[in-house]
Amino acid sequence: MTLDPITKVIGAILLGLILLPFLLAPVLPKRYRAKCIIELQCSVEKAFEILTQDPRKCPMTSTMTCGLEVSKKDADKDGKPLKWREEVVKGRLSEIFAVEQSFVPPSSKKGATRGASVVRKSKMETREIETEWNYEIEPVGKGSCRITLEGYTDVLGHDINVPMLRMMMFMDGSARKAMVNHLNMVADVVGGKRNWIA
């Protein structure tokens with residue numbers, strides 16, 4: 001049985017689309033950087049509490065999170081969690097992200113509040129995907145704060161899915177989308193208006 005020219009062309013295009021991520025894999029970056037800045041109608045202290053007190057309110061995996069496990073033993077003296085696990089389910093597949101958190105709380109000098117900083121690092125347990133987010137929380141005007149979230153995601157390893165994951169990160173800006181979804185969650189908990197700066 002011979003195929004007509006149109007069928008051959010369609011088949012070649014489909015094959016090319018399937019092979020494209022694997023052909024481009026050697027030149028696609030392993031690290032994907034992103035940065036977001038948002039202003040919220042709340043104090044530095046409140047934003048810091050929301051980010052550090054209970055990760056269930058604003059997990060790194062945002063709306064994809066279907067389960068979050070926090071161990072009391074992995075907390076500081078004030079009960080703020082330093083480690084936890086986030087579960088994401090896509091269809092029949094379940095992925096676990098191990099997250100570590102460190103922070104510098106806000107301080108006051110002569111009645112003025114100084115900023116705070118938070119660092120979150122996550123690692124997928126089944127694949128070599130690692131993310132680091134650095135938050136800087138600063139006061140802007142009366143009763144408002146600005147959160148600058150900057151970081152990166154590394155897609156490493158030689159898994160058969162790595163080329164496709166890198167292609168997705170490169171094409172649709174997944175690193176920044178994850179940050180935007182996460183900060184929108186923080187803003188939802190805060191309430192009031194939000195102002196995206198970048």
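In what follows, the structure referred to is the one given above.
Residues numbered from 1 in each chain as written. Predicted model: local features only at pLDDT ≥ 70, side-chain atom pairs only at ≥ 80, totals over all residues. Heavy atoms only, no water.

Q: Give a detailed account of the pairing of strand S4 (residues 93-104), specifying residues and quantitative values.
A: Across eight bridges, strand S3 (residues 83-90) lies against S4 in antiparallel orientation. Its bridge partner being in S4, valine 89 is matched across the sheet by serine 94. In textbook terms, the turn of a hairpin is the stretch between consecutive antiparallel strands, and for S3 and S4 this stretch comprises two residues, one of which, glycine 91, has a positive phi near 65°. (Pairing = 2+ DSSP bridges. Helix = DSSP H or I, 4+ residues; strand = E, 2+ residues; numbered from the N terminus.)

Q: Outline the side chain of serine 122, supporting the account with residue identities and numerical values.
A: Within the secondary structure, serine 122 is located in strand S7 (residues 116-124). Exposure remark for serine 122: the relative accessible area of 9% places this residue in the buried category. Among all residues touching serine 122, those that are not within four sequence positions of it are Met60, Phe97, Ala98, Val99, Ile129, Glu130 and Thr131. (Buried < 20%, exposed > 50% of the residue type's maximum accessible area, 1.4 Å probe, protein only. Contact = heavy atoms within 4.5 Å.)

Q: So, the sheet that holds S7: which residues are in play, and what are the values?
A: With antiparallel pairing, eight strands are arranged side by side in an open sheet as S2-S3-S4-S7-S8-S9-S1-S10. The open sheet has two edge strands with one neighbour each: strand S2 (65-70) and strand S10 (194-196). Strand after strand, the sheet turns through a mean of 20° between neighbouring axes, direction not considered. Most of the contacts of helix H2 (residues 44-53) go to strand S8 (residues 129-139), to which it runs at about 160°, and overall it touches S4, S7, S8 and strand S9 (145-155). The strands touched by helix H3 (residues 162-172) are strand S1 (31-40), S8 and S9; relative to S9, the strand with the most contacts, the crossing angle is about 150°. (Axes fitted to C-alpha atoms, helices over the stretch in contact; angles between N-to-C directions.)

Q: Got a sec to walk through the packing of aromatic side chains? Specific residues and values, please.
A: Summed over all chains, the structure comprises one aromatic pair. Ring geometry for phenylalanine 48 against phenylalanine 103: centres 5.6 Å apart, planes inclined by 80°, an arrangement best described as edge-to-face. Taken together, the residues span a long stretch of sequence, with phenylalanine 48 in helix H2 and phenylalanine 103 in strand S4 at a distance of 55 residues. The class for phenylalanine 48 is buried, based on a relative accessible area of 3%. In this structure, arginine 31 packs its charged tip against the face of tyrosine 152, placed 3.7 Å from the ring centre. (Phe/Tyr/Trp six-rings, centres within 6.5 Å; stacked < 30°, edge-to-face > 60°. Lys NZ or Arg CZ within 6 Å of the ring centre and 35° of its normal.)

Q: Kindly report on H3, identifying the contributing residues and their values.
A: A turn of α-helix holds 3.6 residues, and therefore any two residues three or four places apart point the same way. Looking only at H3, the buried set comprises Val162, Pro163, Arg166, Met167 and Met169. Buried residues along H3 cover an arc of 165° about the axis, so they all sit on one side. Looking one or two residues past H3, glycine 173 carries a phi angle of roughly 65°, positive in sign. (Arc of directions from axis to C-beta.)

Q: Describe the pairing of S1, with residues and values.
A: Burial analysis of S1 places seven of its 10 residues in the buried class, which makes it a mostly covered element. Examined bridge by bridge, S1 and S9 share 10 bridges and lie antiparallel to one another. Bridge pairing links cysteine 36 to leucine 149 in S9. Bridge count for S1 against S10 is three bridges, and the pairing is antiparallel. The partner of leucine 40 across the bridge, within S10, is arginine 194.

Q: Can you explain the side chain of threonine 153? Please cite residues and give values.
A: Mapping threonine 153 onto the fold places it in strand S9. The exposure class of threonine 153 is buried, given its relative accessible area of 9%. Of note is the side chain of threonine 153, whose polar atom sits 3.1 Å from the side chain of threonine 131. For threonine 153, the contacting residues outside a window of four places in its chain are Lys30, Arg31, Tyr32, Ile129, Glu130, Thr131 and Met169. (Polar contact = N/O pair within 3.5 Å; in protein donor to acceptor, adjacent residues only side chain to side chain.)

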